[in-house]
Amino acid sequence: MNKNEEVIRKLYSALQRVDHEDMIRCYHPEAIFKDPVFDLRSKKEITGMWTMLCKKAKEFEFHYDQVQANEEEGKAQIKAKYLFTQTNRMVVNKIDARFKFKNGLIIEHIDSFDFWIWSWQALGFFGLILGWSSFLQKKVQQKAYNNMKTFIPRF
């Protein structure tokens, strides 16, 4: 196992423990993160997202496998199961994670998942009907970002 594979495993082992502080140590100071809900352009924002997600985690299970990395890039397959507290609905999210590294840390983290499937599970009938639309995705993005802002560190 090379050091970038170790960084991915450290990140996801910390997430399994719901330990946002150990997770943040895996990111480069100039890191970015993007998925269908978040488009974060600073380590402060990434810190806010992981802090929020870890502190609000309910009935959380997390598994990862197929970790691969070379000196520049890496990837993993992950599966997260959790209670979406806004609707009290269970979500099982299958995610394709991609990474780029700089100085032994994650500089870019891109997660891909099917937003329509996620919204159907998280939001029920409303997500089933509108989960394909950019309107719903933008609403979810806006609400998630606003919720996350209170967890952004003030350093």
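As a reminder, the structure under discussion sits directly above these lines.
None of the values given here were measured: they were computed from a predicted structure.

**As for the nonpolar core**
Stage number 1. Counting 45 residues, the largest nonpolar core has Y12, F38, W50 and W118 as the members making the most contacts within it.
Stage number 2. Every residue in contact with W50, bar those within four places of it in the chain, is listed here: L15, H20, M23, I24, Y27, F33 and H109.

**A look at the sheet that holds strand 3 (residues 61-69)**
Stage number 1. Across the sheet, 6 strands lie side by side as 2-1-6-5-4-3; this open sheet has mixed pairing. The strands lining the two open edges of the sheet, one partner per strand, are strand 2 (39-40) and strand 3.
Stage number 2. Summarising the sheet, strand 4 (residues 73-84) and strand 5 (residues 89-102) pair through 12 bridges and their orientation is antiparallel. Residue pairing across strands places F84 opposite R89, the latter belonging to strand 5.

**As for the packing of aromatic side chains**
Stage number 1. Under the defined criterion, the tally for this structure stands at 10 aromatic pairs.
Stage number 2. When the centroid spacing of 5.5 Å and the interplanar angle of 45° are considered together, the rings of Y12 and Y64 count as tilted. Pair noted here: Y12 is in helix 1 (residues 3-16) and Y64 is in strand 3, with a separation of 52 residues, a long-range link. A single burial state applies to Y12 and to Y64, both of which are buried.
Stage number 3. Between F62 and Y64 the ring centres are 6.4 Å apart and the planes differ by 35°, which places this aromatic pair in the tilted class. Y64 shares its class with F62; the two are buried.
Stage number 4. Here a set of aromatic residues connected by ring pairs shows up, and it is made of Y12, F60, F62, Y64, F99 and F101.

Rules used in this analysis
- Here the residue numbers are simple positions, counted from 1 along each chain's written sequence.
- Reporting of local features is limited, given that this is a predicted model, to residues whose pLDDT is at least 70; pairs of side-chain atoms are given and counted only at 80 or more, and all residues count toward the totals for whole chains, interfaces and linings.
- Side-chain metrics rest on all non-hydrogen atoms present in the structure, leaving aside hydrogens and water.
- The set of buried Ala, Val, Leu, Ile, Met, Phe, Trp, Tyr and Cys residues whose side-chain atoms join them within 4.5 Å is what this entry labels a nonpolar core.
- For the exposure calls, accessible area comes from a 1.4 Å probe over protein chains only, and a residue counts as buried if that area is under 20% of its type's maximum, exposed if over 50%, partly exposed in between.
- In what follows, a contact means two residues having at least one pair of non-hydrogen atoms within 4.5 Å.
- Pairing between two strands is assigned when DSSP locates at least 2 bridges connecting them.
- Helix and strand definitions follow DSSP, with helices as H or I runs of at least four residues and strands as E runs of at least two, each counted in order from the N terminus.
- What counts as a ring pair is set by centres within 6.5 Å for rings of Phe, Tyr and Trp (its six-membered ring), and what kind of pair is set by the plane angle: stacked under 30 degrees, edge-to-face over 60, tilted for all other angles.

Keep in mind these values describe shape, not function.
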